[in-house]
Amino acid sequence: MSQAFVRTAAGWLLGLMLAAAGAIVSINLVSSSVASPQQPVKEYFRALQDGNGEEALGLLRAKVPSANAAMLDGTALQTAASKLSDVKLGNPEARGSSRVSVPVDYTLDGSRLHTEFLMERTGTQWLFFAKWAFVPTTLPTIDVTVVNSSEATLNGVPVNMPNGRNTFAVFFPGKYEASLNGTYFEAPATSALVATRDGGQAPLNLQTRSTKAMNDAVAGKVREFLDTCAAQATEQQRLQPDCPFYHVSNARVVDGTIKWAITEYPKITIEPFSGRWVVAPLNGKATLTAREVNLFTGLVNDLNVEHDFSFTTQLDIKDDTVTVTPLLTF
């Protein structure tokens, strides 16, 4: 046998060995990635963090319930998944002849949580390896309510709230945070962590309250009303003006000496009531100074009295206009 033949045979043998080794490596890579039940779960988590709702929905093979879909894509979805970290996929656990459960542990907004994804064999690929997909499911929902408002913000996205409530379809796992940030009314943020397809989360209830801008606007109009009323009462020299405050006396007051002043303005509290906003009863103090003549002795005395007063108002809000109408009874 010639040396050339030996060298040629050795070369072919080496080539076959390298090809076989390459095939083994390729098979192992396919088995540990595309053919693994964990692979669709990895892709699903990546789609959530990318805000790709279409891909996430396709991977999850989920049905969208009859609910608002504003949380299922883009910024809202990215925000829901932005607090996910330290994601660890466990080994598949058999759930029958053609199904497995893939456990996932992760941290969501500081809470360590656990979710199991049920996968099923849907065929083969590369002739040898099982193809895995999520068992079809239905997306969970969260309910949001807001007091006296037809809008809110959910995961940074403005959403409509007909009659102060709405239901939203959501992906899991994710964090969903609702708030209201209006010019005149606001609600502190409240959030829920959705970890499973079963939902069951308590509703996000937004407790709306008036903003400082709203309270200041109402307080300004109340002060204007009271100051004007005191000025007119002084100008008209009336002890019992068409105002929330008045003075009763048996003495005769010297003309030109009556002077009214507001010494304590009401504190403003705005509350929800029967689907509208009302200003709580307003309480303050007014001071009257004057000179009066005692009808029995004829002596002239200085009068300086402070009177408590109280009244109610009607509050009307239209667009950016706030109207406060005093309601006085005489």
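Everything below is about the structure printed above this text.
The model shown is predicted, which means the values in this text are computed figures rather than measured ones. (Residues numbered from 1 in each chain as written. Predicted model: local features only at pLDDT ≥ 70, side-chain atom pairs only at ≥ 80, totals over all residues. Heavy atoms only, no water.)

A. Molecular detail of the packing of aromatic side chains. Going through the model one piece at a time under the given rule, you end up with 13 aromatic pairs. An aromatic cluster is built from Tyr44, Phe45, Tyr106, Phe117, Phe134, Phe171 and Phe172, whose rings are joined through pairwise contacts. Across the ring face of tyrosine 265, the terminal group of arginine 223 is positioned such that the distance to the ring centre comes to 3.8 Å. (Phe/Tyr/Trp six-rings, centres within 6.5 Å; stacked < 30°, edge-to-face > 60°. Lys NZ or Arg CZ within 6 Å of the ring centre and 35° of its normal.)

B. Here's a closer look at helix H3 (residues 53-60). Along H3, the residues that are buried comprise Gly53, Ala56, Leu59 and Leu60. An end-on view of H3 places all buried positions within 130° of arc, on one side of the element. Looking at the packing, one finds that the buried side of H3 touches helix H2 (38-50), strand S1 (62-63), helix H4 (74-81), strand S6 (129-134) and strand S7 (137-138). In the stretch just after H3, arginine 61 is the one whose phi turns positive, near 55°. (Buried < 20%, exposed > 50% of the residue type's maximum accessible area, 1.4 Å probe, protein only. Helix = DSSP H or I, 4+ residues; strand = E, 2+ residues; numbered from the N terminus. Arc of directions from axis to C-beta. Contact = heavy atoms within 4.5 Å.)

C. Fine view of the side chain of lysine 175. Structurally, lysine 175 is set in strand S12 (residues 174-181). Assessed through its relative accessible area of 13%, lysine 175 is described here as buried. With residues near it in sequence (within four places) discarded, lysine 175 still touches Thr79, Ala80, Lys83, Leu108, Asp109, Asn155, Ser191, Ala192 and Leu193.

D. Here's a closer look at the sheet that holds strand S10 (residues 157-160). Read across the sheet, five strands follow the order S10-S9-S12-S13-S15 without closing on themselves; strand pairing throughout is antiparallel. Edge positions in the sheet fall to S10 and strand S15 (209-210), since each has one partner strand and no second. With four bridges connecting them, strand S9 (residues 151-154) and S10 associate as antiparallel partners. Of the residues in S10, the one forming a bridge with leucine 154 is valine 157. (Pairing = 2+ DSSP bridges.)

E. Quick look at the environment of proline 326. Locating proline 326 in the fold gives a position in strand S22 (residues 321-327). For proline 326, a relative accessible area of 27% corresponds to the partly exposed category. Here the alpha-carbon distance between proline 326 and cysteine 243, two residues 83 residues apart in the chain, equals 9.6 Å. Among residues more than four places away in sequence, those in contact with proline 326 are Phe225, Phe311, Thr312 and Thr313.

F. Quick look at the nonpolar core. Ranked by internal contacts, the top residues of the largest apolar core, which has 48 residues, are Tyr44, Phe117, Leu154 and Phe171. Not counting residues within four places of it along the chain, the set of residues in contact with leucine 154 comprises Met71, Ile142, Val144, Val159, Phe168, Glu177, Ala178 and Leu204. Ranked by size, the runner-up nonpolar core spans 30 residues in total, among them Val218, Ala233, Leu303 and Val324. (Core = buried A, V, L, I, M, F, W, Y, C linked by side-chain atoms within 4.5 Å.)

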